[in-house]
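Here is how the chains run, residue by residue.
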Amino acid sequence: MKFVLGIHLNALAYSMTTLGAGMMNSIFNFYYVKLFLNRYKISEVAFHQAQVVFMVWNAINDPLFGYIQDNSKFACCSRRQFSILYGAPLYALAFLLPWFPWKHYEEGDWLSGLHLIVALCAFDGLLTFVLLAQCALFAEISTRHESRLQLIKYNQVATLIGSTSILFCGLISDNMENFAYFQAFAVLVAGLATACMCYTGKYSTSQYEQREVCTENSNLEGSDGALSWSSVISLTKQIMTEKNFLFFVTMNFFQVFHLAFCNNFMMIFADNLIPKDVLSSSVRSIMYGAGFICPQCLVLLSHASLKKFGYYRIILFSFYFEGVAAAVMFILGPEHYYLLAFYLTTNIVIVQASFSLFNLPLADIVDADLIKHKRRSPLSSMVFGTNALFTKPAQSLAPMLVVTILNQFGYENLSKEDAQLDPSLFLGLHDAMFYLICLVPLCIAVIQILTWTPFSIQNSHMTAWYVCNTEQLSESLQPIFVQSYLDQGTQIFLNNSIEKSGWLFIQLYHSFVSSIFSLFMSRTSINGLQTVMGGYVIDLIHKESNCHFYPIP
């Protein structure tokens, strides 16, 4: 890995795709619902039909592209860099689809529904093809936790810069009120994003760069090299039978739902619940921009905590924080406008920030799958794609459910001119909006805590103690070095020991017994006696003197 002026060139190249995608995704997710509902005046039926089609396509394309990228003979698919390089221009064109109407839409026009279907499916298809390759690069650039944290760090800087597109777009277009300016800004963003992603395609590298692209090296036993359904089913089954994968996917489904809920409706909720004389248009633009900029700052500031505590505990803490904040806001009520604005911004910041860390557990799942099934190269794209198979539908479910609920309280009439004459007619709608922004995060937080707690890969940040940094080996040794890993039984034992090390009364008991018996027994005999008595506690405070792990050459 090369450094120039203190810059990690490979991490920089990797993060450029994040920069380009971040600029486009932020604008797309934040504005497309409001565009089709308020400007194109799409009917509720057409909106739901589009979301159902999108949900089906979303579920199909991720595992399909994942399998193709991991097993295809064509370099444009099997090489992560080429997938990004060739997919970037098409990705940018798909981003521009929704912002240019095919004609002047009348209210309930069927063509606006078709426009939404094409825009959603095209954008998500190209997004999946490009970003799935980038996610695979994340797992394949390095297996070291420190290197992955460095990628996360560069990634968050790129996302931070990319998310400013929301701020500038809001300021330039007056939150899409000046639609011509909005369209011009979208074209500019598409051009910049294409250049950024092409940089990744040209200059990024991975430790599996020299791997053969034939299906034999992807460990497809008994395969004739063709992309068969039996291979897809077999590999997907292997991935889905992992308990950690199932726990993660369940938790991630609700995270994607929560994120779509925040991205698509934050502006709508704020515009309706907070009077315009309380927050001006420019302040609202800054507020919306902060919701996409601050998460990256938060992740960068928590870099030291990630190294010390690991992603598992940081993510778990975020769920508790979201639940408590939602409960407090619900108790206080909607009349505290500034507090409500702060809550809306904080909520999206925490959700975005924790979601930014999800590549870390997925990369650990890729590593575990590689070791368990003794693969010659990791199924990175398939793991990320299979995860998306179950989580991406939440992107459609969130707007469908929320729009259905809001329309029950008259939201579809809100944009009509006569609706402005009697604001009291929409008090029920405002109450429904407030209940949604409090109860949805609260319920999701509870579910996520229950599903994330059993995830057993909790201490991958400690593997740096026992893993050799191959980047520091000579070039002749790097290809022949084989890293040894802890077996599953040992990992479970260590996890249990680390958990018990935090039990106060066990530690008091351990210290008391050790101080008494040390007068006439050795430390080893004391530990053995405590094991017989049911202690089963490793003194992690003195692990340097008791536990040593060395990689076997």
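Residues numbered from 1 in each chain as written. Predicted model: local features only at pLDDT ≥ 70, side-chain atom pairs only at ≥ 80, totals over all residues. Heavy atoms only, no water.

Some remarks on the overall build of the protein chain
So, point 1. Within the protein chain, the regular secondary structure consists of 21 helices and 2 strands.
So, point 2. Taken across its 553 residues, the protein chain has 53% of its residues classed as buried.
So, point 3. Residue pairs in contact within the protein chain that sit at least 24 positions apart in sequence constitute 83% of those at least 6 positions apart.
So, point 4. With an accessible surface of roughly 25300 Å², the protein chain has 67% of that area assigned to carbon and sulfur atoms. (Helix = DSSP H or I, 4+ residues; strand = E, 2+ residues; numbered from the N terminus. Buried < 20%, exposed > 50% of the residue type's maximum accessible area, 1.4 Å probe, protein only. Contact = heavy atoms within 4.5 Å. Areas by Shrake-Rupley, 256 points an atom, 1.4 Å probe, with all protein chains shown as cover.)

Section: the pattern of salt bridges
So, point 1. Within this structure, the stated rule accounts for 4 salt bridges.
So, point 2. Of the charged contacts, one joins Asp 109 and Lys 103 as a salt bridge, the two residues approaching to 3.0 Å between their closest N and O atoms.
So, point 3. Judged by its relative accessible area of 42%, Lys 103 is partly exposed.
So, point 4. A salt bridge links Asp 124 to Lys 392; its shortest N-O distance comes to 3.5 Å. Here Asp 124, found in helix H5 (residues 110–141), pairs with Lys 392, found in the loop between helix H15 (380–391) and helix H16 (393–407); they are 268 residues apart in sequence, far enough to count as distant. Lys 392 shares its class with Asp 124; the two are buried.
So, point 5. Salt bridges sharing common partners tie together Lys 34, Asp 271 and Arg 284. (Salt bridge = Lys/Arg side-chain N within 4 Å of Asp/Glu carboxyl O.)

Overview of the side chain of Ser 354
So, point 1. Turning to its location among the elements, Ser 354 is positioned in helix H13 (residues 337–355).
So, point 2. Note on Ser 354: relative accessible area 4%, which makes it buried.
So, point 3. Discounting residues that sit within four places of it in the chain, Ser 354 has contacts with Gln 255, Ile 315, Ser 318 and Glu 322.

Things to note about helix H12 (residues 311–332)
So, point 1. Under the 1.5 Å per step criterion, the end-to-end length of H12 is 32 Å for 22 residues, consistent within 8% with the ideal 32 Å.
So, point 2. Restricting attention to buried positions, one finds in H12 the residues Tyr 311, Tyr 312, Ile 315, Leu 316, Ser 318, Phe 319, Glu 322, Gly 323, Ala 326 and Met 329. Summarising the axial view, the buried residues of H12 lie within an arc of 160°, below the 170-degree limit, and thus occupy one face. Residues of H12 that are exposed and point more than 90 degrees away from the buried face comprise Phe 317, Val 324 and Ile 331. (Expected span 1.5 Å × (residues − 1). Arc of directions from axis to C-beta.)

Details of the packing of aromatic side chains
Note on aromatic pairs: each is described by the distance of the centres and the angle between the planes.
So, point 1. With the rule as written, the count across this model stands at 29 aromatic pairs.
So, point 2. For Arg 39, the ring lying beneath its charged end belongs to Phe 179, and the centroid distance is 4.1 Å. (Phe/Tyr/Trp six-rings, centres within 6.5 Å; stacked < 30°, edge-to-face > 60°. Lys NZ or Arg CZ within 6 Å of the ring centre and 35° of its normal.)

Structural notes on empty space enclosed by the protein
So, point 1. This structure, assessed with the given rule, holds 5 cavities of 30 Å³ or more.
So, point 2. Space inside the largest cavity adds up to approximately 1200 Å³.
So, point 3. Per-element accounting of the lining of the largest cavity gives the leading share, 10 residues, to helix H1 (residues 9–39).
So, point 4. Tallied by class, the residues present in the lining of the largest cavity amount to 21 nonpolar, 22 polar and 3 charged.
So, point 5. The space that makes up the second largest cavity amounts to roughly 70 Å³.
So, point 6. Every residue lining the second largest cavity is listed: Phe 261, Cys 262, Phe 265, Met 266, Phe 269, Tyr 343, Leu 344, Asn 347, Ile 348 and Ile 437. (1 Å grid on protein atoms, 1.4 Å probe; cavity = no way out; pocket = protein on both sides within 12 Å on 5 of 7 lines; lining within 4 Å. Points joined across faces, edges and corners; volume = space filled by probe spheres on them. Nonpolar A, V, L, I, M, F, W, Y, C, P; charged D, E, K, R; others polar.)

Observations concerning the environment of Asn 407
So, point 1. Summarising the element assignment, Asn 407 is placed in helix H16.
So, point 2. Setting aside residues up to four positions removed in sequence, Asn 407 forms contacts with Glu 44 and Glu 412.

Notes on the nonpolar core
So, point 1. Ile 27, Tyr 31, Phe 95, Trp 99, Ile 437 and Trp 452 are the most contacted members of the largest nonpolar core, which has 136 residues in total.
So, point 2. The contacts of Trp 452, once residues within four sequence positions are left out, are Phe 248, Met 251, Tyr 311, Tyr 312, Ile 315, Leu 316, Phe 319 and Pro 361. (Core = buried A, V, L, I, M, F, W, Y, C linked by side-chain atoms within 4.5 Å.)

Regarding the environment of Thr 194
So, point 1. With respect to the helices and strands, the residue Thr 194 is situated in helix H7 (residues 179–203).
So, point 2. Classification of Thr 194 by relative accessible area gives buried; the value is 17%.
So, point 3. Taking the C-alpha atoms as reference points, Thr 194 and Ala 88, separated by 106 residues in sequence, lie 5.4 Å from one another.
So, point 4. Excluding its chain neighbours within four sequence positions, the residues that come into contact with Thr 194 are Ala 88, Pro 89 and Ala 92.

Quick look at the packing of H1 against helix H9 (residues 243–273)
So, point 1. Relative orientation of the contacting elements H1 and H9 amounts to 60°, with a least axis distance of 6 Å. When the axis of H1 is compared with that of H9, the two are oblique. In terms of crossing hand, the pair formed by H1 and H9 is right-handed. For the pair formed by H1 and H9, the contact residues are Asn 29, Phe 30, Tyr 31, Tyr 32, Val 33 and Lys 34 on the first element and Asn 263, Asn 264, Phe 265, Met 266, Met 267, Ile 268 and Asp 271 on the second. (Axes fitted to C-alpha atoms, helices over the stretch in contact; angles between N-to-C directions. Parallel < 35°, antiparallel > 145°, perpendicular 65-115°, else oblique. Left-handed = near helix turned anticlockwise from the far one by under 90°.)

Some thoughts on a nonpolar patch on the surface
So, point 1. Residues Val 324, Val 328, Leu 332, Leu 339 and Phe 342 make up a contiguous nonpolar surface patch of roughly 440 Å² in combined accessible area.
So, point 2. Looking at the nonpolar patch, the elements with two or more residues in it are H12 and H13.
So, point 3. For the nonpolar patch, the element with the most residues is H12, which contributes 3 residues.
So, point 4. Among the secondary structure elements, Leu 332 is positioned in helix H12. (Patch = residues over 30% accessible without salt bridge, like charges linked within 9 Å, V, L, I, M, F, W, Y side chains within 5 Å.)

Things to note about the confidence of the model for the protein chain
So, point 1. Here the protein chain averages 79 in pLDDT, and 79% of its residues register 70 or above.
So, point 2. Ranking the elements of the protein chain by mean pLDDT puts helix H21 (residues 543–546) last, at 40, and H12 first, at 93.
So, point 3. Long-range and interchain partners of residues 210–226, a stretch whose pLDDT sits below 50, account for 28 contacts in this model, where long-range means more than four residues apart. (pLDDT = per-residue confidence, 0-100.)

A short note on the packing of H5 against H15
Any two packed helices are characterised by the angle at which their axes cross and by the distance between the axes.
So, point 1. Direction vectors running N to C along H5 and H15 enclose 125°, while the axes themselves pass 8 Å from each other. Taken together, the axes of H5 and H15 are oblique relative to one another. For H5 against H15, the interelement crossing comes out right-handed. In contact with Leu 132, Cys 135, Ala 136, Ala 139 and Glu 140 of H5, H15 contributes Ser 380, Ser 381, Phe 384 and Gly 385.
So, point 2. Its residues assigned to classes, the contact of H5 with H15 shows 5 nonpolar, 3 polar and 1 charged.

Here we look at the side chain of Thr 346
So, point 1. Within the secondary structure, Thr 346 sits in helix H13.
So, point 2. At 2.7 Å, the side chain of Thr 346 forms a polar contact with the backbone oxygen of Phe 342. (Polar contact = N/O pair within 3.5 Å; in protein donor to acceptor, adjacent residues only side chain to side chain.)

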